[in-house]
Amino acid sequence: MSDSTVIIVLGASGDLAKKKTFPALFGVFKDNFMPPNTFILGYARSEMDRSSFHDRFSKNLTKNDQDKGKVPQFLDLCEYVRGSYDKAEDFKNLNKEIEKREGGSKRRRIFYLALPPSVYGDVAKGLREHCYCEGGQNRLVIEKPFGFDTESSNKLGKQLSSLWSEEEIYRIDHYLGKEMVKNIIPLRFANVFFGTVWNRQSIDNVQITFKEPFGTEGRGGYFDEFGIIRDVIQNHLIQVLCYLAMEKPLSLDAEHVRDEKVKVLKCIHPLKEDDILVGQYTKSLDGQKPGYRDDEGVKKDSNAPTFAALVLHIDNDRWSGVPFIFKSGKALEEHKVEVRIQFQECPGNIFPGVSRNELVIRLQPNEAVYVKFQNKLPGLEMIPVVTELDLTYKERFPNQRIPDAYEALLLDVLNNNHSNFVRDDELEAAWEIFTPILHKIDANEITCEPYPYGSRGPSSLSAFVEKHGYKRDTQPYDWNDIKAQQGKL
């Protein structure tokens, strides 16, 4: 038998494995990026036979008829092993099942922990002691949250590093696998016209926005432990900031990229009370949607923020004085994740009242990059109007499938590429920015402002972002309306 790869999905009976991990593995397989002699073992505590195991996730693999023919081939690679997460005998049994599928001089084992962080320590220990491939490659893939604050994150890090080397650990943040996040590096460093204006001399402020139109919807018990800052901003959105703000790496080598991200984080001071606004949604104005505290598992006096707006400042030569404004929330008026870079006013502008130029990177939905700029309205009068240079992906690349973020990241693991994974010092630097303010929120020293389900957020939001430099359009403009009108032409 030639060289082999065995992927072990721990927590194989859970929702994450069903909805994300196995569909992503199938995506890699159907696009022919799976190495030869790859086998997949699901491991969990649930009683399941092979057929029940396949039934659990097979319906989630594809919605595309042309790919359904590959599903049986993929399922042939997938087997199930039952076992606990804290018993040596069960890990030894898992090791025997792995060995049955291995061969060749080069063996690789990828352990994907689709599990709650509370069991990471026990599982990492059991795997290292009983399932580690001596003389082969071993990879440990873990999901966020990586701790609860600086102290808990460092404690988890010490647990893992005592058993596994940093080279063997892959901390997944699925935002780093998103197409438009990965696009930031070539957008910045492969285009001379962006490189010349990517600084405090040209940019007034940067907004990073994450909006969801739904609430916790039954996940309130889990969410109440974390809140929106830990759930979204401290990990997903801070990674976006790193790509936007970092200096050009020496190369695309993983460590060169991650070195530059750490440098950015170390230039950001911990958050202050004046730089944050937190909110919590109440029932909708029509009474049809419940409030956050109505969700099962949420404490009736909960102060967990479901919305946060905050401002970070990067104290270096490129970004000094430029506010990075984050807005993130649940139960808002729309679904949108985007970066909005607003440029300075034109010096000596002879067209008073015109809007600032903006570069917008739409991460989801409807991935796009567009530049808002001033143009003369056709006709006999000298009237400036806002228009755009627009790269909407589904129009420019109609035949290109945008892969799921987990597909991209699992392929990176298979290729031993750490570029899109979080390093230990990067994680610590990110937690140090947020931990002091999080502890104040936890202690009710900073309280949440209520906002109705389906609104834009707390009523003081507009004043907050304007205080920190963002200037709203003075001219009528709505990119979504313009796209809709173009679609009717």
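Heads up: these notes are all about the structure in this document. In this text, all values refer to a predicted model and were calculated from it rather than measured experimentally. (Residues numbered from 1 in each chain as written. Predicted model: local features only at pLDDT ≥ 70, side-chain atom pairs only at ≥ 80, totals over all residues. Heavy atoms only, no water.)

Regarding the overall build of the protein
Worth spelling out the cut-off: Helix and strand definitions here come from DSSP, where helices need a minimum of 4 consecutive H or I residues and strands a minimum of 2 consecutive E residues; each element is numbered from the N-terminal end. A simple rule labels every residue: compare its accessible area, found with a 1.4 Å probe on the protein chains alone, to the largest value its type can have, and call it buried under 20%, exposed over 50%, or partly exposed in between. In this analysis, two residues are considered to be in contact whenever any of their non-hydrogen atoms come within 4.5 Å of each other. Calculation of accessible area relied on Shrake-Rupley with a 1.4 Å probe; when residues are assessed, cover is drawn exclusively from the protein chains displayed. Charged-residue counts in this description rest on Lys and Arg as positive and Asp and Glu as negative, His and the chain ends being excluded. Positions of charges follow a simple convention, taking NZ of Lys, CZ of Arg, CG of Asp or CD of Glu.
In terms of helices and strands, the protein carries 17 helices and 15 strands. Across its three principal directions, the C-alpha atoms of the protein cover 80 × 50 × 45 Å. With 489 residues in all, the protein has 54% of them scored as buried. Long-range pairs, those at least 24 residues apart, make up 77% of the contacts in the protein between residues at least 6 apart in sequence. Total accessible area on the protein is roughly 22,400 Å²; 50% of this is exposed by carbon and sulfur atoms. Computed over 66 positive and 73 negative side-chain charges, the separation of the two mean positions in the protein equals 2 Å.

Some thoughts on helix 14 (residues 405–414)
The criterion, for reference: We define a polar contact as two N or O atoms separated by no more than 3.5 Å, with the added condition that, inside protein, one atom must be a possible hydrogen donor and the other a possible acceptor, whereas residues neighbouring each other in sequence contribute only through side-chain atom pairs.
Within helix 14, 10 of the 10 residues are buried, leaving the element largely enclosed by the surrounding structure. What helix 14 keeps buried is the set Ala 405, Tyr 406, Glu 407, Ala 408, Leu 409, Leu 410, Leu 411, Asp 412, Val 413 and Leu 414. A distance of 2.8 Å separates the backbone nitrogen of Tyr 406 from a side-chain oxygen at the start of helix 14, and that oxygen is part of Asp 404. Remark: Asn 416 follows helix 14 within two positions and exhibits a positive phi of approximately 55°.

A word on the sheet that holds strand 6 (residues 169–172)
The criterion, for reference: Strand pairing is assigned whenever DSSP identifies at least 2 bridges connecting the two strands. Angular values range over 0 to 180 degrees, each being the angle between N-to-C directions of two axes fitted as lines to C-alpha atoms, with helices fitted over their stretch in contact.
Overall, parallel pairing links the 6 strands, which are arranged 3-2-1-4-5-6 in an open sheet. Only two strands of the sheet have a single partner each, and these edge strands are strand 3 (78–82) and strand 6. Here the average twist between neighbouring strands, direction ignored, is 20°. As judged from the 5 bridges shared by strand 2 (residues 38–44) and strand 3, these two strands associate in the parallel manner. Directly across from Ile 40, in strand 3, lies its bridge partner Cys 78.

Overview of the pairing of strand 2
The following threshold applies: When the strands point away from the viewer, a crossover counts as right-handed if the path from the first strand over the helix to the second runs clockwise.
Summarising burial for strand 2: 6 of the 7 residues are buried, a large majority. Sheet topology places strand 1 (residues 4–10) next to strand 2; 6 bridges connect them, and they run parallel. Across the sheet, Val 6 pairs through a bridge with Phe 39, a residue of strand 2. Where the polypeptide runs from strand 1 across helix 1 (residues 15–30) and back to strand 2, its parallel neighbour, the crossover connection is right-handed.

Quick word on the packing of helix 11 (residues 227–245) against helix 15 (residues 424–442)
The criterion, for reference: Reported orientations rely on four angle classes, namely roughly parallel under 35 degrees, roughly antiparallel over 145, roughly perpendicular from 65 to 115, and oblique for the rest. Crossings are sorted by hand: turned counterclockwise from the far helix by less than a right angle, the near helix makes the crossing left-handed, and turned clockwise it makes it right-handed.
Orientation of helix 11 relative to helix 15, taken along the N-to-C sense of each, is 150°, at an axis distance of 11 Å. Judged by the inter-axis angle, helix 11 sits roughly antiparallel to helix 15. Here the hand of the crossing between helix 11 and helix 15 comes out right-handed. Within the contact between the two elements, helix 11 uses Ile 229, Arg 230, Ile 233, Gln 234, Ile 238 and Gln 239 and helix 15 uses Glu 426, Leu 427, Ala 430, Trp 431, Phe 434, Leu 438, Ile 441 and Asp 442.

Things to note about the packing of aromatic side chains
The criterion, for reference: Pairing of aromatic side chains requires ring centres within 6.5 Å, counting the rings of Phe and Tyr and the six-membered ring of Trp. Pairs whose planes differ by under 30 degrees are stacked, by over 60 edge-to-face, and all others tilted.
Per the counting criterion, the structure on display carries 24 aromatic pairs. Geometrically, the ring pair formed by Tyr 132 and Trp 164 is edge-to-face, given 5.5 Å between the ring centres and 65° between the ring planes. Here Tyr 132, found in the loop between helix 5 (120–130) and strand 5 (137–143), pairs with Trp 164, found in the loop between helix 6 (150–161) and strand 6; they are 32 residues apart in sequence, far enough to count as distant. Here Tyr 132 falls in the buried class, since its relative accessible area comes to 18%. Overall, Trp 164 belongs to the buried group, its relative accessible area being 1%.

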